Amino acid sequence: MGTKGREIVGMDVDQVVELLNKAFADEWLAYYQYRLGAKVIAGPMKDAVTAELMQHAADELRHADMVSNRIIQLGGTPLTTPSKWFDMTNCGYDDPADPFVSKILEQNIKAEQCAISVYHALIETVGMKDPVTNNMAVQILQDEVEHEEDLQSLHEDLKMMLDRRA
Ligand SMILES: [Fe+2]
Ligand SMILES: [Fe+2]
C-alpha cells in the first residue's frame, strides 16, 4: 500500500476496493467463459470466432491483473478464492453448454455489454476523486467497447451468411 497514493483518494477507499473486487470477479468469470467457449464452439465461421474469443480471453486476464494491482495499491486484498467470484460478480457467468456459434456470440456480447456498464458506472462513481482508478477503468472500458463491436460484427456476418443460405 502506498500511503500518499491512498491519501489522495477523495472518497471511501473501502468502497472503491469493493467495486474493484466486483469487477475483478467479472474479469475472471469472463476469462473462463470466453476461453472455454473458444474450445467448445461449433458451427460456421468457428475459426474466426475462436481467434477473437482467445484474444478477448487474454484481454480479460490482463484486466484482472490491472484491477488486482489497483486493489493492492489501495491497501485492499483481491478476492483470494474463486468461490467468492459468484458472490461478488456483477455480470455473472453464462455456461457455454450450447456450443453453436451464434449462441456463444450472443452470450459473450451480453457479457461485454455488462462489462461496459460496470466500467462506465465505476468511472462515474470515482470521477476525479480517484483519478488513478478512473484512468485504469477508462483503459479497460476502451477494450470492452472494442470487444462488443468485434463480436457484433462477427454476429452480423454470421447472420448474413445463414440468411443467404435459407
Ligand atoms: Fe475485461
Ligand atoms: Fe471484454
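Owing to the predicted nature of the structure, the values given are computational and were not obtained by experimental measurement.

Cut-offs used in this document
All residue numbers refer to positions counted from 1 along the written sequence of the respective chain. Throughout, the order in which chains and ligands are written sets their labels, letters from A for the former and numbers from 1 for the latter. Totals for whole chains, interfaces and linings use all residues, but because this is a predicted model, local features are given only for residues with pLDDT of at least 70 and pairs of side-chain atoms are given and counted only at 80 or more. Think of the side-chain values as coming from all heavy atoms in the structure, minus any hydrogens and water. Secondary structure elements are taken from DSSP: a helix is a run of H or I of four residues or more, a strand is a run of E of two residues or more, and numbering for both begins at the N terminus. Think of it in three bands: residues with accessible area under 20% of the maximum for their type are buried, residues over 50% are exposed, and the middle band is partly exposed, with areas taken using a 1.4 Å probe on protein chains only. A contact between two residues is defined here by any heavy atoms of the two lying within 4.5 Å. All tallies of charge rest on Lys and Arg as positive and Asp and Glu as negative; His and the ends of each chain are not included. Where a charge lies is defined by one atom per residue type, namely NZ (Lys), CZ (Arg), CG (Asp) and CD (Glu). Keep in mind that water is not among the atoms, so a site may look incomplete; donors are the N, O and S atoms within 2.8 Å of the metal, or 3.2 Å for Na, K and Ca. Sulfur atoms of two cysteines make up a disulfide when they are within 2.5 Å. Salt-bridge detection follows one rule: a side-chain nitrogen of Lys or Arg within 4 Å of a carboxyl oxygen of Asp or Glu.

When helices and strands are tallied, the protein shows six helices and zero strands. Taken from the N to the C terminus, the helices and strands of the protein come in the order α-α-α-α-α-α. Projected onto its principal axes, the C-alpha coordinates of the protein cover approximately 60 × 30 × 20 Å. Residue burial in the protein is summarised as follows: out of 166 residues, 45% are buried. Pairs at least 24 apart in sequence give 81% of the contacts found in the protein among residues at least 6 apart. For the protein, the distance from the average position of its 15 positive side-chain charges to the average position of its 28 negative side-chain charges is 2 Å.

Bound to the iron ion (ligand 1) on the protein side are E27 (OE), E27 (OE), E60 (OE), H63 (ND1) and E144 (OE), at distances that span 2.0 to 2.5 Å. Read N to C, the donor residues that coordinate the iron ion (ligand 1) are spaced as E-x32-E-x2-H-x80-E. Between the iron ion (ligand 1) and the iron ion (ligand 2), both coordinated by E60, there is a metal-metal distance of 4.1 Å. Pair noted here: E27 is in helix α2 (residues 13–40) and E60 is in helix α3 (residues 46–73), with a separation of 33 residues, a long-range link.

The next thing to look at is the side chain of T133. Looking at where T133 falls in the secondary structure, it is placed in helix α6 (residues 131–165). For T133, a relative accessible area of 0% corresponds to the buried category. Among all residues touching T133, those that are not within four sequence positions of it are V16, L20, R70, L74, L122 and V126.

Take the side chain of S102 next. As for its position among the elements, S102 is in helix α5 (residues 101–126). Residues contacting S102, with those up to four places away along its chain left out, are H155 and L158.

Moving on: the coordination of the iron ion (ligand 2). Protein coordination of the iron ion (ligand 2) is provided by E60 (OE), E112 (OE), E112 (OE), E144 (OE) and H147 (ND1), with donor distances spanning 2.0 to 2.6 Å. Within one chain, the residues serving as donors to the iron ion (ligand 2) are arranged as E-x51-E-x31-E-x2-H. The exposure class assigned to E144 is buried, which follows from its relative accessible area of 1%. For H147, a relative accessible area of 2% translates into the label buried.

Another aspect to go through is the state of the cysteines. Tallied over the full model, the rule gives one disulfide. Here C91 is linked by a disulfide to C114, with a sulfur-sulfur distance of 2.0 Å. Residues C91 and C114 share a disulfide whose torsion about the S-S bond is about -90°; that sign makes it left-handed. Of the two residues, C91 sits in the loop between α4 (85–88) and α5 while C114 sits in helix α5, which places them 23 residues apart along the sequence. Its relative accessible area of 26% is what places C91 among the partly exposed residues. Overall, C114 belongs to the partly exposed group, its relative accessible area being 22%.

Here the focus is the pattern of salt bridges. The tally for this structure, following the rule as stated, stands at six salt bridges. With its nearest N and O atoms 3.1 Å apart, the salt bridge here joins K4 to E7. Here K4 pairs with E7, and both are found in helix α1 (residues 3–7), just three residues apart, close to one helical turn. One exposure class covers both K4 and E7, and it is exposed. Between R62 and D59 there is a salt bridge, with its nearest N and O atoms 3.1 Å apart. In this pair, R62 and D59 both sit in helix α3, three residues apart, roughly one turn of the helix. On the basis of relative accessibility, which here comes to 39%, the residue R62 falls in the partly exposed class. Salt bridges here are not isolated pairs; linked through shared partners, they connect D59, R62 and D143.

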